[in-house]
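# Architecture and fold: a report
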2 protein chains.
Amino acid sequence: MRKDSRLSRMLHVLVHLHQLQQAVTSDQLALMLHTNPVVVRRTMSLLREQGYVSAVKGHGGGWTLAKPLHEITLLDIHRSLSESSLFTIGLTDEHNHCPIEKAVNLAIDDVLQEAEALVLQRFGEVTLDKLATGYTPR
Amino acid sequence: MRKDSRLSRMLHVLVHLHQLQQAVTSDQLALMLHTNPVVVRRTMSLLREQGYVSAVKGHGGGWTLAKPLHEITLLDIHRSLSESSLFTIGLTDEHNHCPIEKAVNLAIDDVLQEAEALVLQRFGEVTLDKLATGYTPR
DNA sequence: TTTTATGTAACTTATGATGTTTCTTAAATT
DNA sequence: AATTTAAGAAACATCATAAGTTACATAAAA
């Protein structure tokens, strides 16, 4: 299944924006991410809607951070990007009345919800300034 | 992103096989899963390779459990089915030498590995007989 | 020999991030 | 005012993979 690498890419971009301290164009970011500027705008606009970056049109324009890195967590960016599920595992809904299917789905969902809660908690504990200074795992 | 519902489907099938106590054909399972028999064979054959089910050809043939439910865990079935990742999140590898990209990927991967370990542990704790008698969440 | 069933190869479909083209809009430079 | 530079946005193509489908081979029982 194709992976969603937007979180990885956007975190990468945000830390670079912090270090450069100036507006960076979509074309420049596209070169950096080995992609094209439309993909950059499409993804960055989700962060702009949540107030983490600003975009300025025209000469000298481009993208800048709208908040300092220490006020942004991995969770903030993850939430800005994803409406869809964290897991590749899905549940079936073929027989709403079958008690076995219900028990199976409940068992799987129970585990996945616990795991998702853990991911969200951990993401919430990491601010982006920690990524700028060399992250060390727990 | 399209979900992998094979785990859910196969657990459902295994518990039904236990309750029916007789060979069930791929056609019958396909009706049960609202799919077609080739999809059933393709997926069930992964469980057969690991020794969880047996298949018999010809008249009166079909699929039967090769192990009792209490000797099979969610983890066993999960492992039989998936070589691919549990998460929809992927890491980029655009600049192997960029320390920021490394820090970003390390931070994400750190969290995902912890979450995956939790999922595998929980899956390993649940034997399939628990699903036959009405599963209650932790 | 016929019927019933799995085994398997080859191909199509569905989904969503990604990639691409093209045009519009806005702001700074000339 | 005209030109250049940049984001915004619509429309469409690509890719990967579970799922779905078609067709045929193989094996076992009736």
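In the block above lies the structure referred to throughout.
Model, not experiment: these values are computed from the prediction.

Calculation notes
Residues numbered from 1 in each chain as written. Chains lettered and ligands numbered in written order. Predicted model: local features only at pLDDT ≥ 70, side-chain atom pairs only at ≥ 80, totals over all residues. Heavy atoms only, no water. Helix = DSSP H or I, 4+ residues; strand = E, 2+ residues; numbered from the N terminus. Buried < 20%, exposed > 50% of the residue type's maximum accessible area, 1.4 Å probe, protein only. Polar contact = N/O pair within 3.5 Å; in protein donor to acceptor, adjacent residues only side chain to side chain. Contact = heavy atoms within 4.5 Å. Pairing = 2+ DSSP bridges. Buried area = accessible area lost by both parts, 1.4 Å probe. Salt bridge = Lys/Arg side-chain N within 4 Å of Asp/Glu carboxyl O. Least-squares fit on C-alpha atoms with pLDDT ≥ 70 in both.

### Here we look at the side chain of Ser80 of chain B
All names here are of chain B. Within the secondary structure, Ser80 sits in helix α4 (residues 74-81). The class for Ser80 is buried, based on a relative accessible area of 9%. Within the local environment of Ser80, its side chain forms a polar contact with the backbone oxygen of Asp76, the two atoms lying 2.8 Å apart. Discounting chain neighbours no more than four positions away, the residues touching Ser80 are Leu46, Leu47, Gln50 and Tyr52.

### Considerations on the pairing of strand β1 (residues 53-56) of chain A
All names here are of chain A. When β1 meets strand β2 (residues 62-65), the two strands line up antiparallel, connected through four bridges. By the bridge assignment, Val53 is partnered in β2 with Leu65. Linking two consecutive strands that pair antiparallel, namely β1 and β2, is a turn of five residues; a positive phi of about 80° is found at Gly58 within it.

### Side note on the interface of chain B and chain A
At the junction of the two partners, chain B supplies 50 residues and chain A supplies 50 residues. Together, the buried faces of chain B and chain A total about 4900 Å²; carbon and sulfur atoms form 68% of this surface. If you look at where chain B meets chain A, you find two salt bridges. With its nearest N and O atoms 2.8 Å apart, the salt bridge here joins Arg122 of chain B to Glu114 of chain A. Where chain B touches chain A, the interface holds 19 residue pairs in polar contact (both at pLDDT 80 or more).

### Let's talk about the relation of the copies chain B and chain A
It takes a turn of 180° to lay chain B on chain A, together with a shift of 0.0 Å along the axis; the resulting RMSD is 0.1 Å. On this basis, the relationship between the two copies can be described by a two-fold rotation axis. Every residue of chain B has its C-alpha some distance from the rotation axis, and the shortest such distance is that of Phe87 of chain B, at 2.2 Å.

### A word on helix α4 (residues 74-81) of chain A
In terms of burial, α4 of chain A is a largely internal element, six of the eight residues being buried. Buried within α4 of chain A we find Leu74, Leu75, Ile77, His78, Ser80 and Leu81 of chain A. Lining the buried residues of α4 of chain A we find α1 (6-20), α3 (37-49), α5 (99-125) and α6 (129-132) of chain A together with α5 (99-125) of chain B.

### As for unusual backbone geometry
Residue and element names in this part refer to chain B. For Gln21, which is not glycine, the phi torsion reads 60° and is therefore positive. Note that Gln21 resides in the loop between α1 (6-20) and α2 (26-33). Since its relative accessible area comes to 65%, Gln21 is described here as exposed. A positive phi is found at His34, a non-glycine position, where the angle reads about 55°. Judged by its relative accessible area of 54%, His34 is exposed.

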